[in-house]
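A look at the structure
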Amino acid sequence: MKDWLRFSVCFWHTFRGNGMDPFGAPTLVRPWEDAERNNSMEAAERRVRAAFEFFTKLGVEYYTFHTQDIAPEGNTLAETNANLDRIVALCKKLQEQTGVKLLWGTCNLFSHPRYMNGAATSPDAKVYAYAAAQVKKAMEVTKLLGGENFVFWGGREGYQSILNTDVKQELDHFANFLRMAVAYKNEIGFGGQLLIEPKPREPTKHQYDYDAQTVIGFLKTYGLDADFKLNIEPNHTTLAGHSYEHDIHFASKFGFLGSVDSNTGDPLLGWDTDNFPMDAKNTTLVMKVVLEQNGLAPGGLNFDCKVRRESTDLEDMFIAHIGAMDAFARGLRAAVKMATDNTLPGMLAQRYASYQSGIGAKIHAGQTSFAELERYAMENEVDTTQSGKQELFELVFNRYV
């Protein structure tokens, strides 16, 4: 099962999360943090050691990070890079000792005040250059650690007001930024997959990489579609007003599904809550897609999740990950049974059977015209009563879950 369930633990929520929310102070006290919750190099090293102990005890093979999660920023870019080099050396040593691997690295281009107006879409060229330098370094350390992917998430790449935003210029600059990333990937010989993670809003009011179809359109518009795939986070998908599985399904059907940030949101809350995925129906829908595209590698199922601020025991970290892993294992088993029985695929094929022969086959192959279809419509009566059988599809699906 592990070839299909390439589980990964995210560093930021799991080892940097403190339970703080917009309405309350931190609630999580972790033994690797000191009383002052400082971000010293010594604290960073303790976090990394604790993380690898957790990965090993949990039995996962992969982890993910933002470079700023594992190493503190310094007063200068050179100091920041030196801090990162020191922590990356420790990560490499622990990877070699444990066999745990890096699924993907990324760079936090949204938390620091310098990025308040964006990074790759900033109106300030100095900020743009700084962001490029940080991504360059992040790609280097991701390669050094054997990372299998590199992710771009543009939390500040968007706008708050259209009045003070040159949208076309910002998107042009963003595309140029990504082109430079592709060029540098090739220059350093990084063999990993480049990924973009869609999200509609938060922290910006409108984020340019709104959803899967928006990102695919952007990549094709700027000729980047051969170099990037998508890292889909279902909580972001639901924030965009879609169903849980929507972006995963669409990305896969058009050949762009590269990896999944496996979490869920709370439908009663309007922000990115990053809950652990415990619903077997949702995990079955995800694994059905993964199965149909013959796996996620080199991507995986990264638990971009955080325990609730009320779940304060250290064992809750284990319980949450184990529960989510179990839910995906159930989802995989259900998806395999579904595919083996061929009931749902057969029902779906039957619904579109009219495209298998005659005029339908010509439509499907793009070998007809309006004139021919008009003649066909004149000669053939349209049946408007064909049932979609939605309830039957849902009934059959539920029998597997």
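Reference entry: report on the structure contained in this document. The model shown is predicted, which means the values in this text are computed figures rather than measured ones. All residue numbers refer to position in the chain's written sequence, counted from 1. With the structure being a predicted model, the display of local features is reserved for residues of pLDDT at least 70 and the display and counting of side-chain atom pairs for 80 or more, all residues being used for whole-chain, interface and lining totals. The basis for every side-chain value is the complete set of heavy atoms in the structure, and neither hydrogens nor water enter the calculation.

**What to know about the overall build of the protein**
Helix numbering and strand numbering both begin at the N terminus, where a helix is a DSSP run of H or I of at least 4 residues and a strand a DSSP run of E of at least 2. Counting its secondary structure elements, the protein contains 15 helices and 10 strands. Scaling as 2.2 N^0.38, a compact globule of 401 residues should have a C-alpha radius of gyration of about 21 Å, and the protein matches this with 23 Å. Summarising its shape, the C-alpha atoms of the protein cover approximately 80 × 45 × 45 Å along the three principal directions. Burial classes: relative accessible area under 20% of the type maximum marks a residue as buried, over 50% as exposed, and values in between as partly exposed (1.4 Å probe, protein chains only). Residue burial in the protein is summarised as follows: out of 401 residues, 49% are buried. Contacts: residue pairs with any heavy atoms within 4.5 Å of one another. Restricting to contacts in the protein with at least 6 residues of sequence separation, those with at least 24 account for 78%. Accessible surface computed for the protein: about 19,600 Å², of which carbon and sulfur atoms make up 54%. We take the radius of gyration over the C-alpha atoms and set the globule estimate at 2.2 Å times the residue count to the 0.38 power. Residue exposure ignores everything except the shown protein chains as possible cover, and the areas themselves are Shrake-Rupley values with a 1.4 Å probe.

**A word on the nonpolar core**
The criterion is simple. A nonpolar core is a set of buried Ala, Val, Leu, Ile, Met, Phe, Trp, Tyr and Cys residues joined through side-chain atoms within 4.5 Å. Phe55 and Phe152 are the most contacted members of the largest nonpolar core, which has 92 residues in total. With nine residues, the single largest contributor to this core is helix H2 (residues 41-58). With residues near it in sequence (within four places) discarded, Phe55 still touches Val9, Phe15, Val60, Tyr63 and Val100. In this structure, Leu285, Met338, Met347 and Tyr400 belong to the second largest nonpolar core, which totals nine residues.

**Observations regarding the packing of aromatic side chains**
Two rings belonging to Phe, Tyr or Trp (six-membered ring only in the last case) form a pair when the distance between their centres is within 6.5 Å. Interplanar angles under 30 degrees mark stacking, angles over 60 mark edge-to-face geometry, and anything in between is tilted. Counted by the stated rule, this structure contains 21 aromatic pairs. Ring centres 6.4 Å apart and planes at 70° place the aromatic pair Phe7 and Phe328 in the edge-to-face group. Of the two residues, Phe7 is situated in strand S1 (residues 7-10) and Phe328 in helix H11 (residues 315-341); the sequence distance between them amounts to 321 residues. This pair shows no difference in class: Phe7 is buried, exactly as Phe328 is. The structure contains a cluster of three or more aromatic residues connected by ring pairs, namely Phe11, Phe15, Trp32, Phe52, Phe54, Phe55, Tyr63, Phe65 and Phe318.

**Points about helix H10 (residues 280-292)**
One less than the residue count of a helix, multiplied by 1.5 Å, gives the span that helix is expected to have. Taking 1.5 Å as the rise per residue, H10 with 13 residues should run 18 Å; its terminal C-alpha atoms sit 18 Å apart, in good agreement. Of all 13 residues in H10, 10 are buried, a share of seventy percent or more. Inspection of H10 places Ala280, Asn282, Thr283, Thr284, Leu285, Val286, Met287, Val289, Val290 and Leu291 among the buried residues, and these make up the whole buried set. On its buried face, H10 sits against helix H9 (246-253), strand S9 (257-261), strand S10 (301-303), H11 and helix H15 (390-400).

**What about the pairing of strand S2 (residues 62-66)?**
Of all five residues that make up S2, five are buried, and the element is covered over most of its length. Here S2 shows a buried face lined by Tyr62, Thr64 and His66 and a second buried face lined by Tyr63 and Phe65. Any two strands with at least two DSSP-identified bridges between them are counted as paired. As defined by bridge partners, S2 adjoins strand S3 (residues 101-106) across five bridges and the pair is classed as parallel. Bridge pairing in S3 places Tyr62 opposite Lys101.

**Side note on unusual backbone geometry**
In this model, Glu202 is joined to Pro203 through a cis peptide bond whose omega is 15°. Position of Pro203 relative to the elements: it lies in the loop between strand S6 (193-196) and strand S7 (206-207). For the bond running from Ala297 to Pro298, omega is 10°, close enough to zero to count as cis. With respect to the helices and strands, the residue Pro298 is situated in the loop between H10 and S10. With phi around 65°, Asn294 is a residue other than glycine that occupies positive phi space. As for its position among the elements, Asn294 is in the loop between H10 and S10.

**Some words on the pattern of salt bridges**
In the sections that follow, a salt bridge refers to a side-chain nitrogen of Lys or Arg positioned within 4 Å of a carboxyl oxygen of Asp or Glu. By the definition in use, this model includes 20 salt bridges. Close ionic contact of Lys168 with Asp172 constitutes a salt bridge, the shortest N to O distance being 3.0 Å. A residue pair is termed a helical-turn pair when its members lie 3 or 4 positions apart in one helix, as Lys168 and Asp172 do in helix H6 (residues 167-188) at four residues. Accessibility expressed as a relative area gives 53% for Lys168, which makes it exposed. Salt-bridge contacts for Lys199 lead to Glu202; the nearest nitrogen and oxygen are separated by 3.0 Å.

**Some words on the environment of Ala324**
Following the sequence through the fold, Ala324 ends up in helix H11. Distance in space between the C-alpha atoms of Ala324 and Pro234 is 14 Å, their sequence separation being 90 residues. Contacts of Ala324, omitting those with residues within four sequence positions, involve Phe276, Pro277, Met278 and Phe303.

**Comments concerning the side chain of Glu33**
The residue Glu33 is located in the loop between helix H1 (11-16) and H2 in this model. Exposure remark for Glu33: the relative accessible area of 18% places this residue in the buried category. Pairs of N or O atoms within 3.5 Å make up the polar contacts considered here, provided that, within protein, one atom can donate a hydrogen while the other can accept it, and that residues adjacent in sequence are counted only when both atoms are side-chain atoms. Side chain to side chain, Glu33 and Arg47 meet in a polar contact 2.7 Å long. Not counting the four nearest positions on each side in its chain, Glu33 is found in contact with Phe15, Asn38, Arg46 and Arg47.

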